Structure formats: C-alpha cells, structure tokens
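Geometric and topological summary
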Amino acid sequence: MARKVYISPYYLSHLFREELNITFLEYLTMVRMEEAKKLLKDTSLSIVAIASQVGYEDASYFSKVFKRYVGISPAQYRKNL
C-alpha cells in the first residue's frame, strides 16, 4: 500500500497511528477479520477458502489471528451463529 502512494511503510504506519490511533497493520487485520466474519455467516465456504479470500495463505495462521481478534476460533464462530 505504501508503495502505491509513494511513501515508506514506516511513514504510512505513522500517519495511520496519528489519524486513527492504530497502525496500518492493525487496521488491515480489522478489515480482514470483519470480512471473514461476514463470510463465515453468509457463505458455506470452507475456513481455508475464507482465509485465502481475506488475504491469508496459511489457514492455521488465519485461525490464530481470528481467535485473537474475536475470542473464538472461526469454526466456533460459525457454529454459534
């Protein structure tokens, strides 16, 4: 993203923190997790497919991040809907 707007990744993160009080990586994770929650709710896609669709190549890592963000695993989240 920083390359697209011709600034350094550090400066992009600095601007995000200054304006939104979170880093760019925290924002990106939030966007990905919110989209993952929608996909878990509204589709029958596998967790592996959802992980890939929201930008994670490793479904195991996606599950760890999801659990840290939401408090439960993607499978538990889907089951509780």
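Below is a summary of the structure that appears in this document. (Residues numbered from 1 in each chain as written. Predicted model: local features only at pLDDT ≥ 70, side-chain atom pairs only at ≥ 80, totals over all residues. Heavy atoms only, no water.)

1. Here we look at the overall build of the chain
Scanning the chain for helices and strands turns up five helices and zero strands. Its helices and strands in sequence order give the chain the pattern α-α-α-α-α, from N to C terminus. When its C-alpha atoms are laid out on the principal axes, the chain stretches across 40 × 20 × 20 Å. Across the 81 residues in the chain, those meeting the buried criterion constitute 26%. For the chain, contacts bridging at least 24 residues in sequence account for 36% of all contacts bridging at least 6. Positive and negative charge centroids in the chain, built from 12 and 8 side chains respectively, lie 7 Å apart. (Helix = DSSP H or I, 4+ residues; strand = E, 2+ residues; numbered from the N terminus. Buried < 20%, exposed > 50% of the residue type's maximum accessible area, 1.4 Å probe, protein only. Contact = heavy atoms within 4.5 Å. Lys, Arg positive; Asp, Glu negative; His and termini not counted. Charge placed at Lys NZ, Arg CZ, Asp CG, Glu CD.)

2. Section: the environment of Q76
Position of Q76 among the secondary structure elements: in helix α5 (residues 74-79). Here the side chain of Q76 touches S73 through a polar contact of 2.9 Å, landing on its backbone nitrogen. (Polar contact = N/O pair within 3.5 Å; in protein donor to acceptor, adjacent residues only side chain to side chain.)

3. Comments concerning helix α1 (residues 9-20)
With 12 residues, α1 should cover 16 Å at 1.5 Å per step; its first-to-last C-alpha distance of 16 Å lies within 8% of that length. A positive phi of about 65° marks N21, the residue just after α1. (Expected span 1.5 Å × (residues − 1).)

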